[in-house]
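# Overview (structure and organization)
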Amino acid sequence: MKFIFLIGGFTGLILTGTASYFAGHQADRVLFDGAVGCLVGALLFRWFWTVLVRGIREIILQRHAAATAAAKSKS
């Protein structure tokens, strides 16, 4: 989970910092935009990771339930 949070923060920092730089902003504004992008990117990646893990868990539980039902029907 920490790894995903760090990747999201780094991605947000790089993307928004680069966009702000190419928009012609001053250095202080580029750093501020990068910091905000870092926070937003980290939170978005964390949310996405939670959704992804929840979906994988549901798939595993459904497959287990289907395998258990198939084993009962064969008996």
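Our structure's up above, just so we're on the same page.
Residues numbered from 1 in each chain as written. Predicted model: local features only at pLDDT ≥ 70, side-chain atom pairs only at ≥ 80, totals over all residues. Heavy atoms only, no water.

## Observations regarding the pattern of salt bridges
For clarity, the cut-off: By definition here, a salt bridge exists when the distance from a side-chain nitrogen of Lys or Arg to a carboxyl oxygen of Asp or Glu is within 4 Å. We count a stretch as a helix when DSSP gives it H or I for four or more residues in a row; a strand needs E for two or more, and each element gets its number in order from the N terminus.
In the structure shown here, the tally under the stated rule is one salt bridge. With a shortest N-O distance of 3.2 Å, Arg29 and Asp33 are connected by a salt bridge. Highlighted residues: Arg29 and Asp33, both in helix H2 (residues 27-74), separated by four residues, approximately one helical turn.

## As for the packing of helix H1 (residues 2-22) against H2
Stated precisely, the cut-off is as follows: All axes here are fitted lines through C-alpha atoms, helices being fitted over the stretch that makes contact, and every angle between N-to-C directions spans 0 to 180 degrees. Should the near helix be turned anticlockwise from the far one by less than a right angle, the crossing is termed left-handed; should it be turned clockwise, right-handed. By the convention adopted, Pro, Cys, Tyr, Trp, Phe, Met, Ile, Leu, Val and Ala count as nonpolar, Lys, Arg, Asp and Glu as charged, and the other residues, Gly among them, as polar.
At a minimum axis separation of 6 Å, H1 and H2 run at an interaxial angle of 145 degrees. By crossing handedness, the relation of H1 to H2 is classed as right-handed. Broken down by class, the residue content of the contact of H1 with H2 amounts to 12 nonpolar, 10 polar and three charged.

## Some points on the packing of aromatic side chains
Let me state the cut-off plainly: Planes of paired rings set the category: under 30 degrees apart is stacked, over 60 is edge-to-face and the rest tilted, where pairs are Phe, Tyr or Trp rings (Trp by its six-membered ring) whose centres lie within 6.5 Å. Exposed residues in this analysis have more than 50% of their type's maximum accessible area, buried residues have under 20%, and partly exposed residues fall in between, with area computed by a 1.4 Å probe over protein chains only.
A full pass over the atoms with the stated rule returns one aromatic pair. Where Tyr21 meets Phe22, the ring centres are 5.4 Å apart and the plane angle is 70 degrees; that geometry is what we call edge-to-face. Each member of the pair, Tyr21 together with Phe22, is exposed.

## A few points about the side chain of Ser20
Filter applied, for reference: The definition of a polar contact used here is a pair of N or O atoms within 3.5 Å, where within protein one atom must be able to donate a hydrogen and the other to accept one, and adjacent residues in sequence count solely through side-chain atom pairs. Contacts are assigned to residue pairs with any non-hydrogen atoms lying within 4.5 Å of each other.
Within the fold, Ser20 resides in helix H1. Accessibility expressed as a relative area gives 4% for Ser20, which makes it buried. Here His25 takes part through its side chain, which lies 2.8 Å from a polar atom of the side chain of Ser20. If we skip the residues at most four places from it in the chain, Ser20 touches His25, Arg29, Val30 and Asp33.

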